[in-house]
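# Structure assessment
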Amino acid sequence: MRVLMVSWEYPPHLVGGLGRHVHSLSKILASKGIGVTVLTFSDGTSPLHERSENVDIVRVNPYSLRHPDFVSWIQTLNYLMVQSEKEVGDYDIIHVHDWLGAYAGIVLKHMSRKPMVATMHSTEMGRRGTLSNDNERHIHQTEWWLAFEAWHIICCSKYMHWEISTNLGCPKDKITIIHNGLDKSYISPFVFEKEYPKNEKEKVVLFVGRLVYEKGPQVLIKAAQLLKSDRVKFAIVGDGAMKPYLEELSRRLGVDGKVRFYGHVSDEELSRLYQQAYLSVFPSLYEPFGIVALEAMGTGVPVIASNTGGLDEIVQDGINGLKFQNGSAESLAQAIDKLINDVDLRNRIVKNARSSLKRFSWEKAVNATVEVYSKVLEEYNAGRWKPAV
């Protein structure tokens, strides 16, 4: 079996969790003897052709053409992907990740007469809550088109299954839920407080994520104002368009002395911050899955998460983490205060969280994905859409 992955991000060019998902999926598929080629993006700093971890990578550089906005940049990227079709070799199935690769995936599907699978990592309606301008409506319509053209759709949670079937009008039996996994590098030997003592003088609350509205960093900063203890500090890791606003918000609320913005950090630095953190907070207003919560659990850091989307499925309140009311700074502040001051609860949560990670394995995710590929190819080979030899 030979798979062509179409993804706008892939290491070393990562924006969010999508690229890390495609990377984990691709390298484990390749380790099982499945041929994998990733068709993706370069900004000019990475080679256009490379073989890494038994995966063939073909990159295109959309900066070679001009584009006035992000949507036209994506269209340029997809145009160049189609143009590079002869460089990717033969393949049996196309796997597109989100609308950002939809144009190329759909064109390649019809050019090659090969079946296409799509993983929907999120939707525009879910991210925005409404479609208020032409760009948002265009993205939504592209998502609908991708879902319509796909032979089968994969999503990461029950919440996303509902969202795709509801917002995109997709038949429920066309969608398979496959949970994301956790990279084994995030499994830390430090499980209990007594094994890895934290700094009692400065209790660090860690946020990891893009600085965009739907990830909820503004909720965390508002909660910081409600926590009066000077010993509680906040480390915000990640970058995004909201950063200047968040810095100004922390100054306006008088918590800039307690909040530090780290920006984008290396994996080594992130690992160090996880080891220093007293607890981690994921206050997303919208979250299809929440792989960062798994990473925190793997490193032995207690998790507090909003009761929304995939996070609501990962975190069991009071068992492997704490939940708070989505969007409520008051509810978040109460959860932080509770977890900081109850060592027994912290240790119990960390222990249970480690056990709950067994549900989320990339090995399981890859095996389930191969099952989808096999079913699609079986239907394709038995059907009439396959061209006659």
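From a predicted model like this one, the values you see are computed outputs, not experimental measurements.

### Quick notes on the domain arrangement of the chain
- The domains assigned to the chain are domain 1 (2–181 + 361–382) and domain 2 (184–359).
- Put simply, the middle of domain 1 and the middle of domain 2, counted by C-alpha atoms, are 30 Å apart.
- Listed by partner, the interface residues are 20 residues for domain 1 and 15 residues for domain 2.
- Taken together, the two surfaces of domain 1 and domain 2 that pack against each other cover about 1,400 Å², and 54% of this comes from carbon and sulfur.
- When the buried area of domain 1 at its contact with domain 2 is split by residue, Arg 20, Tyr 159 and Asn 180 rank highest and sum to 32% of it.
- Where domain 1 touches domain 2, the interface holds 1 salt bridge.
- The interface formed by domain 1 and domain 2 contains 7 residue pairs in polar contact (both at pLDDT 80 or more).
- Those elements that place two or more of their residues in the side of domain 1 that touches domain 2 are α4 (124–128), α6 (158–167) and α14 (362–382).
- Broken down by element, the side of domain 1 that touches domain 2 gets its largest block of residues, 4 residues, from α6.

### Brief notes about the environment of Thr 119
- Inspection of the secondary structure puts Thr 119 in strand β6 (residues 116–119).
- What makes Thr 119 buried here is its relative accessible area of 4%.
- A C-alpha to C-alpha distance of 8.7 Å links Thr 119 and His 152, two positions 33 residues apart in sequence.
- Those residues in contact with Thr 119 that sit more than four places away from it in its chain are His 21, His 95, Val 96, His 97, Asp 98 and Ile 154.

### Digging into the confidence of the model for the chain
- When pLDDT is averaged along the chain, the result is 91; 95% of the residues meet or exceed 70.
- Confidence over residues 190–197 falls short of pLDDT 50; this stretch has 17 contacts with residues more than four positions distant or in other chains.

### Examining the packing of helix α2 (residues 70–83) against helix α3 (residues 102–112)
- Close contact between α2 and α3 brings their axes to 8 Å; oriented N to C, the two are set at 30 degrees. Comparing the axis directions of α2 and α3 gives the class roughly parallel. Viewed along their axes, α2 and α3 form a crossing whose handedness is right-handed. Residues Ile 74, Gln 75, Asn 78, Met 81 and Val 82 of α2 pack against Ala 102, Tyr 103, Ala 104, Val 107, Leu 108 and Met 111 of α3.

### Points about the packing of aromatic side chains
- Applying the stated criterion to the full structure yields 15 aromatic pairs.
- When the ring of Tyr 159 is compared with that of Trp 162, the centres are 6.1 Å apart and the planes differ by 35 degrees; the resulting orientation is tilted. Of this pair, Tyr 159 and Trp 162 both sit in helix α6, 3 residues apart, roughly one helical turn.
- Exposure remark for Tyr 159: the relative accessible area of 24% places this residue in the partly exposed category.
- Residues Phe 289 and Phe 360 carry aromatic rings whose centres are separated by 5.9 Å and whose planes lie at 75 degrees to one another, so their mutual orientation is edge-to-face. Separated by 71 residues along the polypeptide, Phe 289 in the loop between β12 (279–282) and α10 (291–298) and Phe 360 in the loop between α13 (343–356) and α14 bring together distant segments of the chain. In this pair, the class of Phe 289 matches that of Phe 360, namely buried.
- Site record: aromatic cluster; members linked through ring pairs are Trp 8, Phe 41, Tyr 63, Phe 70, Trp 73 and Trp 99.

### Points about α3
- Within α3, 8 of the 11 residues are buried, leaving the element largely enclosed by the surrounding structure.
- Here α3 has its buried residues at Ala 102, Tyr 103, Ala 104, Gly 105, Ile 106, Leu 108, Lys 109 and Ser 112.
- Those residues of α3 that are buried are in contact with β1 (2–6), β2 (35–41), α2, β5 (93–97), β6 and α5 (134–149).
- Phi turns positive, to about 55 degrees, at Arg 113, one or two residues after α3.

Cut-off values and rules
Residues numbered from 1 in each chain as written. Predicted model: local features only at pLDDT ≥ 70, side-chain atom pairs only at ≥ 80, totals over all residues. Heavy atoms only, no water. Domains from an automatic or database assignment. Contact = heavy atoms within 4.5 Å. Buried area = accessible area lost by both parts, 1.4 Å probe. Salt bridge = Lys/Arg side-chain N within 4 Å of Asp/Glu carboxyl O. Polar contact = N/O pair within 3.5 Å; in protein donor to acceptor, adjacent residues only side chain to side chain. Helix = DSSP H or I, 4+ residues; strand = E, 2+ residues; numbered from the N terminus. Buried < 20%, exposed > 50% of the residue type's maximum accessible area, 1.4 Å probe, protein only. pLDDT = per-residue confidence, 0-100. Axes fitted to C-alpha atoms, helices over the stretch in contact; angles between N-to-C directions. Parallel < 35°, antiparallel > 145°, perpendicular 65-115°, else oblique. Left-handed = near helix turned anticlockwise from the far one by under 90°. Phe/Tyr/Trp six-rings, centres within 6.5 Å; stacked < 30°, edge-to-face > 60°.

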